[in-house]
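Residues per chain, in single letters:
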Amino acid sequence: MFKKLDEVESRYEQIQLQLQDPTLTQDQKRFRALMKEASELEKIVPLYRKYRKLQSEIKDNRQILEKERDEEFRQLAKDEMPKLEAESSIIEEQLKLTLLPKDPNDEKNIVLEIRAGAGGDEASLFADQLFRAYCYYASKMGWKYELLSTSDGNAGGYKEVCAAITGDRVYSRLKYESGVHRVQRVPKTETQGRIHTSTVTVAILPEADEVDVHIDPNDLRIDVFRSGGAGGQSVNTTDSAVRITHIPTGTVVQCQDEKSQIKNKSKALKVLYARMLAVEQEKAIRNASDARLSQIGTGDRSERIRTYNFPQSRLTDHRIGLTIHQLEQVMGGEFENVIDPLIAHFQAEQLKQQRD
């Protein structure tokens, strides 16, 4: 570990020297790349230097305890040791986390897809509510979100809703949200007060472009048609809606929310690229090892990662055994108490695998 950290520090110092070159600004691409790399290393190098300083102080105190005859001086060193060792241990664990293999998608923006699963109209209503909760969280994080496509439910809500979320390290925060989310509550239409169970599926797809995944234009069938919906503003009076089919895989993406056919096509392609990248990444992981990406599944109630129980204001994440009674706050966009423990859990699992 410390050899890697020495290399990181050496690289950081090299970059600092290169950034002092006045001619560097003439090559903006290289300048931005170095600035980005320096920014990443700045999260590690000061921590490593602090760790080395603590280790030096610990070493000095041990020498004092071994060789110093002044009892008062020895006692000062003895009293200081537990604090130095505790702080050193904490920083050592932090440094281990910084050296974990980086997920190449962590820096990326995402395409968020939510679909109603089991439960009919109630599933569509919850898909809408969960989508809004993620939008609230995005706003809280300083991210931006853009609606890409929707399919309305029969009694309100969404059968399917798709949005792009852009900002700082969006995928790194939301990647563990993929899966089946189960809701337990009394629907508004329920006259007997019975609790119903419904599900929605959430997919967090890292945003992709032509560099990440190649799609042959000849493999695409693009159909345009008249938008459906409530109308108004010419939305359903012109052939502005776009449906794109990737013929080899049968993947279909449709967008009709914009009045412009060009905008709808651009949004549909964004979703298609994200979906195809997810397929390629899953295939690569499956071929490389026994590890698999988490599957979204079919929306069946048994394939759940999380339960939202409204009568008890309870949220349970079944993967890590987390239960909190702050459901109203979470649905208002306060996902930190769910997301932070998930990230900590999966980081701990990575550390465990490295030790094994």
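Structure first, text after, so check above.
Remember, it's a predicted structure, so these values are computed and weren't measured experimentally.

Student: I'd love a proper account of the overall build of the protein chain, names of residues and values included.
Tutor: The number of helices and strands found in the protein chain is 9 helices and 11 strands. Per-residue burial over the protein chain gives 38% buried out of 356 residues. Of the contacts formed within the protein chain by residues at least 6 apart in sequence, a portion of 60% connects residues at least 24 apart. Surface summary for the protein chain: the accessible area is close to 20,300 Å², and the carbon and sulfur share equals 48%.

Student: An account of helix α1 (residues 2-19) is needed here, citing residue identities and associated values.
Tutor: With 18 residues, α1 extends 26 Å from end C-alpha to end C-alpha; this agrees with the ideal 26 Å at 1.5 Å per step. Residues Leu 5, Val 8, Glu 9, Tyr 12 and Ile 15 constitute the buried set of α1. Projected down its long axis, α1 carries its buried residues within an arc of 120°, all on one side. Summarising the geometry of α1, the exposed residues directed more than 90 degrees from the buried face are Lys 3 and Leu 17. Summarising the contacts, the buried residues of α1 are in contact with α2 (28-41), α3 (45-67) and α4 (71-98).

Student: Can you tell me about the pattern of salt bridges, naming the residues and giving the values?
Tutor: According to the stated counting rule, one finds 27 salt bridges in the structure shown. Between Glu 336 and Lys 140 there is a salt bridge, and its shortest N-O distance comes to 2.8 Å. Highlighted residues: Glu 336 in helix α9 (residues 336-355) and Lys 140 in helix α5 (residues 121-140), separated in sequence by 196 residues. Judged by its relative accessible area of 49%, Lys 140 is partly exposed. The closest approach of N and O atoms between Glu 207 and Lys 270, which form a salt bridge, is 3.8 Å. Pair noted here: Glu 207 is in the loop between β5 (196-206) and β6 (220-225) and Lys 270 is in helix α7 (residues 261-288), with a separation of 63 residues, a long-range link.

Student: Hey, could you go over the packing of aromatic side chains for me, with residue numbers and the actual values?
Tutor: Enumeration according to the criterion identifies 7 aromatic pairs in this entry. Between Phe 131 and Tyr 158, the ring centres sit 6.1 Å apart and the planes meet at 90°, which makes this aromatic pair edge-to-face. Highlighted residues: Phe 131 in helix α5 and Tyr 158 in strand β3 (residues 158-166), separated in sequence by 27 residues. With relative accessibility at 15%, the residue Tyr 158 sits in the buried group. Residues Tyr 176 and Phe 346 carry aromatic rings whose centres are separated by 4.4 Å and whose planes lie at 15° to one another, so their mutual orientation is stacked. Taken together, the positions of Tyr 176 in the loop between α6 (170-174) and β4 (179-185) and Phe 346 in helix α9 put the pair 170 residues apart, joining distant regions of the chain. Taking the relative accessible area as the measure of exposure, Phe 346 reaches 24% and is therefore partly exposed.

What counts and how
Residues numbered from 1 in each chain as written. Predicted model: local features only at pLDDT ≥ 70, side-chain atom pairs only at ≥ 80, totals over all residues. Heavy atoms only, no water. Helix = DSSP H or I, 4+ residues; strand = E, 2+ residues; numbered from the N terminus. Buried < 20%, exposed > 50% of the residue type's maximum accessible area, 1.4 Å probe, protein only. Contact = heavy atoms within 4.5 Å. Areas by Shrake-Rupley, 256 points an atom, 1.4 Å probe, with all protein chains shown as cover. Expected span 1.5 Å × (residues − 1). Arc of directions from axis to C-beta. Salt bridge = Lys/Arg side-chain N within 4 Å of Asp/Glu carboxyl O. Phe/Tyr/Trp six-rings, centres within 6.5 Å; stacked < 30°, edge-to-face > 60°.

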